[in-house]
Amino acid sequence: MSEERLRRWRLVLGGEAEDETGTTLSGADRSVDAALAALYDAAEGESGTQRSAGLGSSAPRVARWLGDIRQYFPSTVVQVMQRDAVERLGITRMLMEPELLGAVEPDVHLVSTLLALNEVMPEETKQTAREVVGRVVAELEARLAERTRAAVTGALDRAGRTARPRHADIDWDRTIRANLKHFSPALGTIVPDRLVGYARRNHSVQRDIVLAIDQSGSMAESVVYASLFGAVLGSIRTLRTSLVVFDTSVVDLTDQLEDPVDVLFGTQLGGGTDINRALAYCEELVTKPAETVLVLISDLYEGGVREEMLRRARSLVESGVQVIALLALADSGTPSYDAENAAALAELGVPAFACTPDLFPDLMAAAIRHEDIGGWAATNIT
């Protein structure tokens, strides 16, 4: 029997067949084997004993697994495996009974799972799923939306400068620095020749914000938070906000920003990653580089052309766009990410770090004020 056929039989039969086939799996094949084992080894064997593999009741593990199988298998196989997962892993009852789904305690991880299973979800359950997602979004909005609007609008109001400020609007630090040459030894103080202050509120568009969200399975929690923030930023009239999601293709969801639930159901968790293609699309959205903030939310595992991705990032930075790479936008711990790509982007002037949702409003305010984001992250991100 050929080596390839033995490899396939080993993947089909599972770990117990390793001795029989005499085949040891490579690193990549072990990941495929783990994805298969999580689903099919979770069933009882002929002896009636429960095997140790499986996804259990962990919603984050289910969401990651759904992303993994999209990466390892063609779409027709993925559809079969998803349906098998719904039937075999205890998710069936939750999805098939709207009453039970409506009674569960929703959280970000549950939302991620529902979004990942959206295409195989029974029609009679989809409305309940939207209601569950809506409840989570409402809770997150109550926690984050007003603070985001306050931080961003405050930064926009103070970003402008005027030479004729009101007393309350004087920027004393800049005024002193601008008038150091007017120091009077006799008086022992500076006699200002001109004042520098903050401009009053401007209702025209002052900044362009582009959120580019990696919707691969490992980014599930980040997709939920980024979609919410996109909707909040889209509600601020002095910003022009664009939101695009990507895997190996790019989808522009800007026209759905009025409803974050619509944005979320417009995503499709899982699949590969082509950051280069996403940046190419984002380049087309940039009309005022010096006034544009591009936030790339991705673990930076590039499935496209790495050299082209870095070239596009360099081009954006050199044009004046402020580019920030968020390795995760989530409450969870340190994310898994491509350290080599993160370091390469940092060398180009694109700071790369993970950020919690609670810090994101302050991050956007700092970006709008054209602060050193690398320095901001070093001070604020622990």
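The residue numbers shown here count from 1 along each chain, following its written sequence. Thresholds applied to this predicted model are a pLDDT of at least 70 for local features of residues and 80 or more for the giving and counting of side-chain atom pairs; totals over whole chains, interfaces and linings are not thresholded and use all residues. Excluded from the side-chain calculation are hydrogens and water; included are all heavy atoms of the structure.

A. View of the overall build of the chain. Helix and strand assignments come from DSSP, with helices taken as H or I runs of at least 4 residues and strands as E runs of at least 2, each series counted from the N terminus. Within the chain, the secondary structure is distributed over 17 helices and 10 strands. The cut-offs for exposure are 20% and 50% of the maximum accessible area for each residue type, with area from a 1.4 Å probe on protein chains only; residues under the lower value are buried, those over the upper are exposed, and the others partly exposed. By residue count, 48% of the 382 residues in the chain fall in the buried class. Of the contacts formed within the chain by residues at least 6 apart in sequence, a portion of 74% connects residues at least 24 apart. Note on areas: Shrake-Rupley with a 1.4 Å probe; residue coverage comes only from the protein chains shown. When the accessible surface of the chain is split by element, carbon and sulfur atoms take 49% of a total near 18600 Å². Any pair of residues with heavy atoms lying within 4.5 Å of one another is described as a contacting pair.

B. Broad picture of the packing of helix H8 (residues 108-116) against helix H11 (residues 220-234). Note on geometry: axes are lines fitted to C-alpha atoms, helical ones only across the stretch in contact, with angles between N-to-C directions running from 0 to 180 degrees. Relative orientation of the contacting elements H8 and H11 amounts to 100 degrees, with a least axis distance of 9 Å. Judged on the interaxial angle alone, H11 and H8 are roughly perpendicular. Listed contacts from H11 to Val108, His109, Val111, Ser112 and Leu115 of H8 are Ala220, Glu221, Val224 and Tyr225. Three categories are distinguished: nonpolar for Ala, Val, Leu, Ile, Met, Phe, Trp, Tyr, Cys and Pro, charged for Asp, Glu, Lys and Arg, and polar for the others, with Gly belonging to the last. Residues belonging to the contact of H8 with H11 are distributed by class as follows: 6 nonpolar, 2 polar and 1 charged. Any angle from 65 to 115 degrees is called roughly perpendicular, while one under 35 is roughly parallel, one over 145 is roughly antiparallel, and all others are oblique.

C. Quick peek at unusual backbone geometry. Backbone geometry at leucine 300 places phi at a positive 70 degrees, although glycine is not the residue there. Among the secondary structure elements, leucine 300 is positioned in the loop between strand S8 (292-297) and helix H14 (306-319). We classify leucine 300 as buried; its relative accessible area is 0%. Positive phi values are uncommon outside glycine, yet histidine 370 reaches one of about 60 degrees.

D. Looking closely at the packing of helix H13 (residues 275-285) against H14. Close contact between H13 and H14 brings their axes to 8 Å; oriented N to C, the two are set at 30 degrees. With respect to their mutual orientation, H13 and H14 come out roughly parallel. The element H13 and its partner H14 pack so that their crossing is left-handed. In contact with Ile275, Asn276, Leu279, Ala280 and Glu283 of H13, H14 contributes Glu308, Met309, Arg312, Ala313, Ser315 and Leu316. Each crossing is labelled by how the near helix is turned from the far one, with a counterclockwise turn of less than a right angle marking it left-handed and a clockwise turn marking it right-handed.

E. Summary view of the confidence of the model for the chain. Here pLDDT means the predictor's own confidence in every residue, given as a number from 0 to 100. In the predicted model, the chain carries a mean pLDDT of 81, and 79% of its residues have values of at least 70. For residues 44-53, every residue scores under 50 in pLDDT, and the model assigns this stretch 10 contacts once sequence neighbours within four places are set aside.

F. Broad picture of the nonpolar core. Put simply, buried Ala, Val, Leu, Ile, Met, Phe, Trp, Tyr and Cys residues joined by side-chain atoms within 4.5 Å make one nonpolar core. Of all hydrophobic cores here, the largest spans 77 residues; its most connected members are Trp65, Leu233, Leu326, Phe353, Phe360 and Leu363. Examining the composition of this core, we find that 12 residues originate from one element, helix H9 (residues 123-159), more than from any other. Aside from chain neighbours lying at most four places away, what touches phenylalanine 353 is Ile324, Ala325, Leu326, Leu327, Ala328, Leu363, Ile373, Trp376, Ala377 and Ile381. In this structure, Val244, Leu296, Ala313 and Val321 belong to the second largest nonpolar core, which totals 25 residues.

G. Geometry of a nonpolar patch on the surface. A surface patch of nonpolar side chains, amounting to about 320 Å² of accessible area, comprises Trp172, Ile176 and Leu180. Here isoleucine 176 is to be found in helix H10 (residues 172-178). Isoleucine 176 gets classed as partly exposed once you look at its relative accessible area, which sits at 43%. Like-charged residues are merged into a patch within 9 Å and nonpolar side chains (Val, Leu, Ile, Met, Phe, Trp, Tyr) within 5 Å, provided each residue has over 30% relative accessible area and no salt bridge. By salt bridge we mean one thing: a side-chain nitrogen of Lys or Arg within 4 Å of a carboxyl oxygen of Asp or Glu.

H. Layout of the pattern of salt bridges. For the structure shown, the criterion picks out 12 salt bridges. For aspartate 362, the salt bridge goes to arginine 147, with nearest N and O atoms at 2.9 Å. Of the two residues, aspartate 362 is situated in helix H16 (residues 360-368) and arginine 147 in helix H9; the sequence distance between them amounts to 215 residues. Aspartate 362 gets classed as partly exposed once you look at its relative accessible area, which sits at 29%.

I. Spotlight on helix H3 (residues 27-40). Multiply 1.5 Å by the residue count of a helix minus one, and that product is the helix's expected span. Look at H3: 20 Å from first C-alpha to last across 14 residues, which is about the 20 Å you get at 1.5 Å a residue. Looking only at H3, the buried set comprises Asp29, Val32, Asp33, Ala35, Leu36, Ala37, Ala38 and Leu39.

J. Examining the pairing of strand S5 (residues 207-214) more closely. Within S5, 8 of the 8 residues are buried, which leaves the element mostly enclosed by the surrounding structure. The alternating pattern of S5 places Arg207, Ile209, Leu211 and Ile213 on one face and Asp208, Val210, Ala212 and Asp214 on the opposite face, and all of these are buried. In this sheet, strand S6 (residues 239-246) lies alongside S5 in parallel orientation, the contact comprising 8 bridges. Bridge pairing in S6 places leucine 211 opposite leucine 243. In this analysis, strands are considered paired if DSSP registers two or more bridges between them. The sheet contact formed by S5 and S8 spans 6 bridges and is parallel. Looking at S8, one finds that alanine 212 is bridged to leucine 296.

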